[in-house]
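# Topology and contacts: notes
Take a look at the letters that make up each chain.
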Amino acid sequence: EVRKMCVIYMTSPWFTARKRDGRVCIADQDGNIHYKVPLQDIESVVVCSNAQLTTGLIYALLERKAKISYLDYRGEVVGTLGDEQCSLERWLMQQKCFADEGCQRQLIRLVLSRKLQNQQAILRLYGKRKQSAALKGIAEEIDIYKDKLQQKCMVDELRGLEGMASRRYFDGFPQILDQELWNWQGRNRRPPKDPVNSLLSYGYAFLEREVRSAIAGARLDCR
């Protein structure tokens with residue numbers, strides 16, 4: 001029998017995980033249990049700031065060779081506990097993939113294809129709601145960049161396609177947002193200069209934390 005292993009992400013502040021009757025019980029600060037997971041099913045645990053594991057659970061996880069990764073509020077790994085031999089093997093494989101330009105292009109195409117699909121979905125959704133031909137047109141135009149992703153391009157060219165598609169995507173924001181309320185003037189950052197860009201940067205920071213958490217949970221180097 002092949003048992004499906006899982007990764008626990010302790011991302012909610014003030015939540016505590018403890019071992020109880022062969023299970024990992026995750027409770028809030030009032031002691032209310034929200035999740036129960038069999039200890040034997042856990043491959044690794046990712047712990048963000050303000051969440052915690054009890055000492056008994058840490059011992060139990062380490063005995064089962066489960067890895068524990070601690071992340072700060074930015075989502076960066078500050079330390080790990082567990083079997084480092086497996087992590088080293090995965091780290092070497094990860095570095096090998098990063099050094100292979102063909103693998104780089106494959107991964108970039110996959111990520112960018114999903115990103116462009118999501119951009120199109122948002123544009124088409126608001127295009128339908130607002131009966132906007134402009135938004136529908138931008139969504140169709142992004143198909144051009146999606147097609148070019150499949151061509152034999154260098155890594156920098158693929159990133160350039162992402163930039164061009166993103167510019168067109170943000171060109172649709174005046175049709176999506178209430179301009180009297182938000183007054184969108186285009187994308188800016190470092191630092192963001194208006195409320196919409198501040199919200200976008202804030203959302204991207206949370207997204208980065210989730211991505212780093214998932215990478216750490218897969219026992220890969222997320223730096």
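Before any of the text, the structure's been laid out above.
So, here's what we can say about the structure. (Residues numbered from 1 in each chain as written. Predicted model: local features only at pLDDT ≥ 70, side-chain atom pairs only at ≥ 80, totals over all residues. Heavy atoms only, no water.)

## A few points about the overall build of the chain
In terms of helices and strands, the chain carries eight helices and eight strands. In terms of overall dimensions, the chain is more spread out than a globule: its C-alpha atoms have a radius of gyration of 22 Å, far above the 17 Å expected for 223 residues. Based on the C-alpha atoms only, the size of the chain along its principal axes is roughly 60 × 45 × 35 Å. Residue burial in the chain is summarised as follows: out of 223 residues, 35% are buried. Taking contacts inside the chain between residues at least 6 apart in sequence as the whole, the part at least 24 apart equals 50%. Here the chain has roughly 14,400 Å² of accessible surface; of this, 52% comes from carbon and sulfur atoms. (Helix = DSSP H or I, 4+ residues; strand = E, 2+ residues; numbered from the N terminus. Rg over C-alpha atoms; globule rule 2.2 N^0.38 Å. Buried < 20%, exposed > 50% of the residue type's maximum accessible area, 1.4 Å probe, protein only. Contact = heavy atoms within 4.5 Å. Areas by Shrake-Rupley, 256 points an atom, 1.4 Å probe, with all protein chains shown as cover.)

## Focus on unusual backbone geometry
Of note, the phi angle at aspartate 21 is positive, near 55°, even though the residue is not glycine. Within the secondary structure layout, aspartate 21 lies in the loop between β2 (16-20) and β3 (23-27). Owing to a relative accessible area of 75%, aspartate 21 belongs among the exposed residues under this scheme. One non-glycine residue, glutamine 131, lies in the positive phi region at around 55°. Checked against the element boundaries, glutamine 131 lands in the loop between α3 (101-130) and α4 (133-149). A relative accessible area of 63% means that glutamine 131 is categorised as exposed.

## Focus: the sheet that holds strand β5 (residues 42-47)
Spatially, β1-β5-β7-β8 is the arrangement adopted by the four strands of the open sheet, whose pairing is mixed. Strands at the two margins of the open sheet, each flanked by one partner only, are β1 (6-10) and β8 (77-81). Within the sheet, the average angular offset between the axes of one strand and its neighbour, ignoring direction, is 15°. Contacting β5, β7 (67-71) and β8, helix α1 (residues 55-63) crosses the sheet at an angle of about 130° to β7. (Pairing = 2+ DSSP bridges. Axes fitted to C-alpha atoms, helices over the stretch in contact; angles between N-to-C directions.)

From the geometry alone we can't say anything about function, so treat these as descriptive.
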